[in-house]
Amino acid sequence: MPIKWRLAVLMADREMDYKALGKAAKLHPNTISKLKNNIPERLEMTTLIKLCKALECQPGELLQYIPGPEDFEEDEDETNEVTT
């Protein structure tokens, strides 16, 4: 997957466990646990704001783009299209 979810990394950097982050972000610890272990398919803006505020970070710090071979294949398909 070309997008890496970095919540666990930020939590470790700030020495916060899911209970501490849940309390700081005013989110249920189970929600933090789920978010920590899996990249969310959809993230509510309010949740993102709460995480950024509690972790004192920017939204971009929670995500990292890692290019892979599949990214280049898509780019080649787009540039090799023939128009008439």
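Considering the overall build of the protein chain
Logical step 1: Each helix and strand in the protein chain was counted, giving five helices and two strands.
Logical step 2: Each helix (α) and strand (β) of the protein chain, taken in turn from the N terminus, gives the series β-α-α-α-α-β-α.
Logical step 3: Within the protein chain, the fraction of its 84 residues that count as buried is 25%.
Logical step 4: Partitioning the intrachain contacts of the protein chain with sequence separation of at least 6 by distance along the chain shows that 68% fall at a separation of at least 24.
Logical step 5: Per element, the accessible surface of the protein chain, about 6,500 Å² overall, is 51% carbon and sulfur.

Some thoughts on the pattern of salt bridges
Logical step 1: Summed over all chains, the structure comprises one salt bridge.
Logical step 2: We note a salt bridge from E44 to R42, for which the minimum N-O separation is 2.7 Å.

A closer look at helix α2 (residues 18-25)
Every α-helical turn comprises 3.6 residues, leaving residues that sit three or four positions apart pointing alike.
Logical step 1: Among all positions in α2, only L21, G22 and A25 are buried. The arc that holds every buried residue of α2, seen down its axis, measures 105 degrees, which confines them to one face. Every exposed residue of α2 that faces more than 90 degrees away from the buried side is listed here: K19 and K23.
Logical step 2: Of the surrounding secondary structure, the elements contacted by the buried residues of α2 are α1 (7-13), α3 (29-37) and α4 (45-55).
Logical step 3: Measuring from the backbone nitrogen of K19 back to the side-chain oxygen at the start of α2 gives 3.2 Å, which picks out D17 as the cap.
Logical step 4: Positioned one or two residues after α2, K26 has a phi angle of 60 degrees, which is positive.

What counts, and where the lines are drawn
Residues numbered from 1 in each chain as written. Predicted model: local features only at pLDDT ≥ 70, side-chain atom pairs only at ≥ 80, totals over all residues. Heavy atoms only, no water. Helix = DSSP H or I, 4+ residues; strand = E, 2+ residues; numbered from the N terminus. Buried < 20%, exposed > 50% of the residue type's maximum accessible area, 1.4 Å probe, protein only. Contact = heavy atoms within 4.5 Å. Areas by Shrake-Rupley, 256 points an atom, 1.4 Å probe, with all protein chains shown as cover. Salt bridge = Lys/Arg side-chain N within 4 Å of Asp/Glu carboxyl O. Arc of directions from axis to C-beta. Polar contact = N/O pair within 3.5 Å; in protein donor to acceptor, adjacent residues only side chain to side chain.

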